[in-house]
Amino acid sequence: MRKIKIWKDPYDMGFNTTERREITLEPGITILVGCNGLGKSTLLHNIEEELNKENIPCYTYDNLHNGGIKKVNELLSKDDINSISLSARLLSSSEGENISNNLSIIAKEIGLFVQNGNKEHIGLEKVVFDMLDIKEINKTNERWILFDGVDSGYSIDNIIEFKDFMHCILDNEKDKIIYIIIASNTYEMTIGEKCLDVNSGKDRVFKTYDSFKKYILKSREIKDEKYKGEV
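Residues numbered from 1 in each chain as written. Predicted model: local features only at pLDDT ≥ 70, side-chain atom pairs only at ≥ 80, totals over all residues. Heavy atoms only, no water.

Chemist: Just to check I follow, could you spell out the overall build of the chain for this structure?
Modeler: In terms of helices and strands, the chain carries nine helices and eight strands. Each of the 231 residues in the chain was classed as buried or not, and the buried ones make up 45%. Considering only contacts within the chain whose residues lie at least 6 apart along the sequence, 70% involve residues at least 24 apart. Counting only carbon and sulfur atoms, one obtains 51% of the accessible surface of the chain, whose full area is about 12600 Å². (Helix = DSSP H or I, 4+ residues; strand = E, 2+ residues; numbered from the N terminus. Buried < 20%, exposed > 50% of the residue type's maximum accessible area, 1.4 Å probe, protein only. Contact = heavy atoms within 4.5 Å. Areas by Shrake-Rupley, 256 points an atom, 1.4 Å probe, with all protein chains shown as cover.)

As structure tokens, this is what we get:
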């Protein structure tokens with residue numbers, strides 16, 4: 001497990017990211033939960049910054065900034081048949097199909113990241129990696145994978161596909177300590193997973209949709225109270 005220090009009043013608004021000054025995260029999947037605007041993305045950035053301080057390998061995927069047309073442009077710039085074909089599929093697909101296509105693309109990126117621990121050189125074949133004598137970021141066997149906004153536009157079958165992929169990573173990598181942190185406010189993403197309440201910094205488990213709905217509505221009240229007078 002790893003302890004993460006929490007930013008103190010990051011936006012000079014009189015309150016911290018969470019009520020706790022430190023959170024504890026364990027290997028496996030953790031879903032950051034809370035209503036929109038409560039601070040899930042901020043906490044992800046907080047986690048990433050703390051990991052960077054210790055030079056811990058971290059792969060961050062934000063669907064807003066890394067998916068969609070940006071991924072299309074990235075593929076087109078590679079100027080090869082496979083990339084052009086994939087970019088055409090992305091441009092012609094529905095939103096749900098786009099998600100699946102993006103997932104198939106980043107699956108290889110994440111696989112390489114888990115192996116070598118260096119996101120900067122994702123996409124290099126192993127022979128090139130060896131020729132350039134590129135080393136891992138450090139000797140740690142920790143791998144952190146952070147996802148933000150991945151359930152935007154997701155259908156239930158998209159979410160099931162995404163979660164199956166995450167569990168496949170965990171099941172097939174026995175020699176690495178893998179942390180997968182996902183910011184989400186959909187019940188389907190939380191089913192069967194350990195969740196972290198962004199406001200309190202405490203672990204939560206949701207057994208029914210009603211309990212999740214009640215929590216989200218309560219978190220909205222907490223958010224509105226926090227931001228009262230700031231708008």
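Chemist: Explain the pairing of strand β6 (residues 177–183) to me, please; I cannot follow it from the model alone.
Modeler: Consecutive side chains of a regular strand alternate in pointing toward one face of the sheet and then the other. A large share of β6 lies buried, amounting to six of its seven residues. Relative to β6, strand β3 (residues 28–33) runs parallel, the two being bridged by five bridges. Bridging from a neighbouring strand, Ile29 pairs with Ile180 of β6. By the bridge criterion, seven bridges tie strand β5 (residues 142–148) to β6 in an arrangement that is parallel. (Pairing = 2+ DSSP bridges.)

Chemist: Sorry, what's going on with the nonpolar core here?
Modeler: The tendency in soluble globular proteins is for nonpolar side chains to be buried as a group. Ranked by size, the top nonpolar core spans 48 residues in total, and within it Trp144, Ile145, Phe147 and Ile182 carry the most contacts. For this core, the element with the most residues is β6, which contributes six residues. (Core = buried A, V, L, I, M, F, W, Y, C linked by side-chain atoms within 4.5 Å.)

Chemist: Even after reading the chapter, I still don't get the sheet that holds strand β4 (residues 58–62), so can you show me in this structure?
Modeler: Two orientations exist for strands paired in a sheet by backbone hydrogen bonds: parallel and antiparallel. Taken in spatial order, the six strands line up as β4-β5-β6-β3-β7-β8 in an open sheet, and their pairing is mixed. Taken across any chain shown, the strands that pair with only one partner, and hence form the sheet edges, are β4 and β8 (203–204).

Chemist: Help me understand the side chain of Arg2, please; the structure alone is not making it clear to me.
Modeler: Its location among the elements puts Arg2 in strand β1 (residues 2–5). A polar contact of 2.6 Å, which involves the side chain of Arg2, links it to the side chain of Glu142. Beyond its immediate chain neighbours, meaning those up to four positions away, Arg2 contacts Ile23, Thr24, Leu25, Leu51, Glu54, Ile56, Glu142, Trp144 and Tyr179. (Polar contact = N/O pair within 3.5 Å; in protein donor to acceptor, adjacent residues only side chain to side chain.)

Chemist: Explanation requested: the packing of aromatic side chains in the structure shown.
Modeler: The way to describe two aromatic rings as a pair is by their centre distance and the angle between their planes. Scanning the model with the defined rule gives eight aromatic pairs in all. For the pair Phe147 and Phe162, a centre-to-centre distance of 5.1 Å together with 85 degrees between the ring planes defines the contact as edge-to-face. Taken together, the residues span a long stretch of sequence, with Phe147 in strand β5 and Phe162 in helix α7 (residues 156–172) at a distance of 15 residues. Note on accessibility: Phe147 and Phe162 belong to one class, buried. Within the aromatic cluster, the residues linked to one another by ring pairs are Tyr187, Phe206, Tyr209, Phe212 and Tyr215. (Phe/Tyr/Trp six-rings, centres within 6.5 Å; stacked < 30°, edge-to-face > 60°.)

Chemist: Where do I start with the pattern of salt bridges in this structure?
Modeler: If charged atoms from side chains of opposite charge come close, those side chains can pair. In the structure shown here, the tally under the stated rule is eight salt bridges. Here Lys194 makes a salt bridge to Glu26, at a shortest N to O gap of 3.5 Å. One end of the pair, Lys194, is in strand β7 (residues 194–197); the other, Glu26, is in the loop between β2 (22–25) and β3, with 168 residues separating them in the sequence. Look at Glu26 and you get partly exposed, because its relative accessible area is 37%. (Salt bridge = Lys/Arg side-chain N within 4 Å of Asp/Glu carboxyl O.)

Chemist: Sorry, what's going on with the environment of Ile191 here?
Modeler: Position of Ile191 among the secondary structure elements: in the loop between α8 (187–190) and β7. Since its relative accessible area comes to 40%, Ile191 is described here as partly exposed. Between the C-alpha atom of Ile191 and that of Phe206, which follows or precedes it by 15 residues, the distance is 6.9 Å.

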